[in-house]
Amino acid sequence: PRAAEMAGPLVAQVPDNGAGTLALTAHAFARGDYAEAIALHEHGAEGNPLVKSLTLAWAHLGQGRMTEALAALDSIPAETGLGPFALYCRELMLALAGDAEGALAILEDPANGVGEALNRRGVLAHLQLLGLTERFDDALAMIDAEFGGPNDPQLRRMAEAFHARRSLPFDLITGPADGMAEVYAVLAAAIRNPQGAQDTLIYAQAALAINPRLSDARIILGQVFEEMGQPELAERAFAAVPEADGF
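Not measured: the values here are computed from a predicted model.

Asker: In this structure, what is going on with the packing of helix α4 (residues 49–62) against helix α6 (residues 83–96)? I would like to understand it.
Answerer: One way to put it is that α4 packs onto α6 with a least axis distance of 11 Å and a crossing angle of 5°. Taken together, the axis directions place α4 and α6 in an arrangement best described as roughly parallel. Residue-level contacts link Leu54, Ala57, Trp58 and Leu61 of α4 to Phe85, Ala86, Cys89, Leu92, Met93 and Leu96 of α6. Each residue belonging to the contact of α4 with α6 can be placed in one class, and the counts come to 10 nonpolar, no polar and no charged.

Asker: How should the side chain of Asp178 be read in this particular structure?
Answerer: Here Asp178 is to be found in helix α11 (residues 176–190). Other than its neighbours up to four places away in sequence, Asp178 contacts Ile173, Ile210, Asn211 and Arg213.

Asker: Sorry, what's going on with the pattern of salt bridges here?
Answerer: Working definition: two side chains of opposite charge can pair if their charged atoms are close together. Following the criterion strictly, the structure yields 9 salt bridges and no others. Its salt-bridge partner being Arg135, residue Glu108 comes within 3.0 Å of it at the nearest N-O pair. Residue Glu108 is found in the loop between α7 (100–107) and α8 (120–132), and its partner Arg135 is found in the loop between α8 and α9 (136–147); the two are separated by 27 residues along the sequence. Between Arg121 and Glu182 there is a salt bridge whose closest N-O contact spans 2.4 Å. Taken together, the residues span a long stretch of sequence, with Arg121 in helix α8 and Glu182 in helix α11 at a distance of 61 residues. One salt-bridge network, in which partners are shared between bridges, spans Glu108, Arg135 and Asp138.

Asker: Looking at this structure, I do not really get the environment of Gly222. What am I missing?
Answerer: In this fold, Gly222 is placed in helix α13 (residues 215–227). Here Gly222 falls in the buried class, since its relative accessible area comes to 0%. A sequence separation of 14 residues divides Gly222 from Arg236, and the C-alpha atoms of the two residues are 7.6 Å apart. Every residue in contact with Gly222, bar those within four places of it in the chain, is listed here: Ala234, Ala237 and Phe238.

Asker: I would appreciate a short explanation of the packing of α7 against α8 in the present structure.
Answerer: Closest axis-to-axis distance for the α7/α8 pair is 9 Å, and the angle between their directions is 135°. Comparing the axis directions of α7 and α8 gives the class oblique. At the point where α7 passes α8, the crossing takes the left-handed sense. Residue-level inspection shows Ala100, Ala103, Leu104 and Leu107 of α7 in contact with α8, the latter providing His126, Leu129, Leu130 and Leu132. Its residues assigned to classes, the contact of α7 with α8 comprises 7 nonpolar, 1 polar and no charged.

Asker: Help me out: how do you make sense of helix α5 (residues 66–74) in this one?
Answerer: Because each turn of an α-helix spans 3.6 residues, side chains separated by three or four positions end up pointing in the same direction. Buried residues of α5: Ala69, Leu70, Ala72 and Leu73, and no others. Viewed end-on, α5 has its buried residues packed into an arc of 155°, placing them on one side of the element. With respect to the buried face of α5, the exposed residues turned more than 90 degrees away are Thr67 and Asp74. Buried residues along α5 sit against α4 and α6.

Asker: Quick question: what am I supposed to make of α11 here?
Answerer: Counted at 1.5 Å a residue, the expected span for α11 with its 15 residues is 21 Å, and the 21 Å between its end C-alpha atoms agrees. Among the 15 residues that make up α11, 12 are buried, leaving the element largely enclosed by the rest of the structure.

Asker: Hey, could you run me through the nonpolar core in this one?
Answerer: Across soluble globular proteins, nonpolar side chains have a tendency to be buried as a group. Phe29, Trp58, Tyr88, Leu127 and Tyr184 are the most contacted members of the largest nonpolar core, which has 83 residues in total. When neighbours within four sequence positions are excluded, Tyr184 is seen to be in contact with Leu22, Thr25, Ala26, Tyr203, Ala206, Ala207 and Ile210.

Asker: Looking at this structure, I do not really get unusual backbone geometry. What am I missing?
Answerer: Trans peptide bonds make up the majority, and among non-glycine residues the majority have a negative phi. Phi angles above zero are rare outside glycine, and Glu134 is one such case at about 60°. When you line up the elements, Glu134 lands in the loop between α8 and α9. Its relative accessible area of 62% is what places Glu134 among the exposed residues. Positive phi values are uncommon outside glycine, yet Arg165 reaches one of about 60°. Position of Arg165 among the secondary structure elements: in the loop between α10 (153–163) and α11.

Asker: Which parts of the structure should I look at to understand the packing of aromatic side chains?
Answerer: In this structure the tally under the stated criterion is 4 aromatic pairs. Ring geometry for Phe136 and Phe162: centres 6.2 Å apart, planes at 40°, overall tilted. Here the residue Phe136 occupies a position in helix α9, and Phe162 occupies one in helix α10, the gap between them amounting to 26 residues. Of the two residues examined, Phe136 and Phe162, each falls in the buried class. Summarising the aromatic geometry, the rings of Tyr184 and Tyr203 are spaced 6.0 Å apart at their centres and angled 40° between planes, so their arrangement reads as tilted. On the criterion of sequence distance, the pair formed by Tyr184 in helix α11 and Tyr203 in helix α12 (residues 197–210) is long-range, its members being 19 residues apart. For Tyr184, a relative accessible area of 1% puts it in the buried group. Taking the relative accessible area as the measure of exposure, Tyr203 reaches 15% and is therefore buried.

Rules of the game
Residues numbered from 1 in each chain as written. Predicted model: local features only at pLDDT ≥ 70, side-chain atom pairs only at ≥ 80, totals over all residues. Heavy atoms only, no water. Axes fitted to C-alpha atoms, helices over the stretch in contact; angles between N-to-C directions. Helix = DSSP H or I, 4+ residues; strand = E, 2+ residues; numbered from the N terminus. Parallel < 35°, antiparallel > 145°, perpendicular 65-115°, else oblique. Contact = heavy atoms within 4.5 Å. Nonpolar A, V, L, I, M, F, W, Y, C, P; charged D, E, K, R; others polar. Salt bridge = Lys/Arg side-chain N within 4 Å of Asp/Glu carboxyl O. Buried < 20%, exposed > 50% of the residue type's maximum accessible area, 1.4 Å probe, protein only. Left-handed = near helix turned anticlockwise from the far one by under 90°. Arc of directions from axis to C-beta. Expected span 1.5 Å × (residues − 1). Core = buried A, V, L, I, M, F, W, Y, C linked by side-chain atoms within 4.5 Å. Phe/Tyr/Trp six-rings, centres within 6.5 Å; stacked < 30°, edge-to-face > 60°.

This is how it looks when you write it as structure tokens:
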């Protein structure tokens with residue numbers, strides 16, 4: 001909220017200020033004001049058209065407009081760096097809508113490259129979807145292949161359920177706002193480098209402003225603070241990551 005309060009006057013004076021728009025957008029998603037998020041980006045405030053499309057997609061979904069949400073994702077060319085991630089967002093949207101088989105079809109299509117680019121959270125989503133479609137043996141095999149077995153509390157809970165032939169609810173994200181937090185966390189990881197530390201911090205903090213439970217963003221914060229020579233801030237960020245999240 002503090003960042004949004006400071007960003008409001010800034011964006012009013014300089015409408016194309018990217019950092020200010022990001023802060024206002026994160027605040028809009030955090031409070032479920034999807035109309036405000038759309039208004040901020042339909043007027044061209046976001047300089048990156050790919051990020052704009054991802055933002056509009058999740059905001060439209062927040063307003064219950066799946067057709068418009070998917071159309072926004074379709075506007076991202078497949079050959080761009082965010083093409084596979086746009087498909088991953090489509091998978092998450094279908095999973096939220098209860099279409100586990102449709103979501104799996106995206107993840108498991110070798111032509112689109114989504115499965116190859118999954119981070120830990122993406123693999124967890126894949127596991128939950130396998131369980132929901134009663135492909136328990138495939139899920140157990142994936143735990144072994146991707147993680148070397150159920151070696152943390154989260155994976156052990158999943159493995160126990162799958163051994164018992166029991167599915168788990170899809171809860172990687174619980175709504176459109178969480179989806180936008182995923183976007184910001186992935187962007188933070190994608191642009192992370194010593195020269196872009198400030199931008200990485202901004203995106204990671206935007207992710208946490210929407211979803212404080214998003215441990216990936218906290219880990220990124222800790223890593224960047226370490227690189228910046230701020231061990232106390234790094235330790236604080238790492239300490240906030242639950243052991244159950246596998247860190």
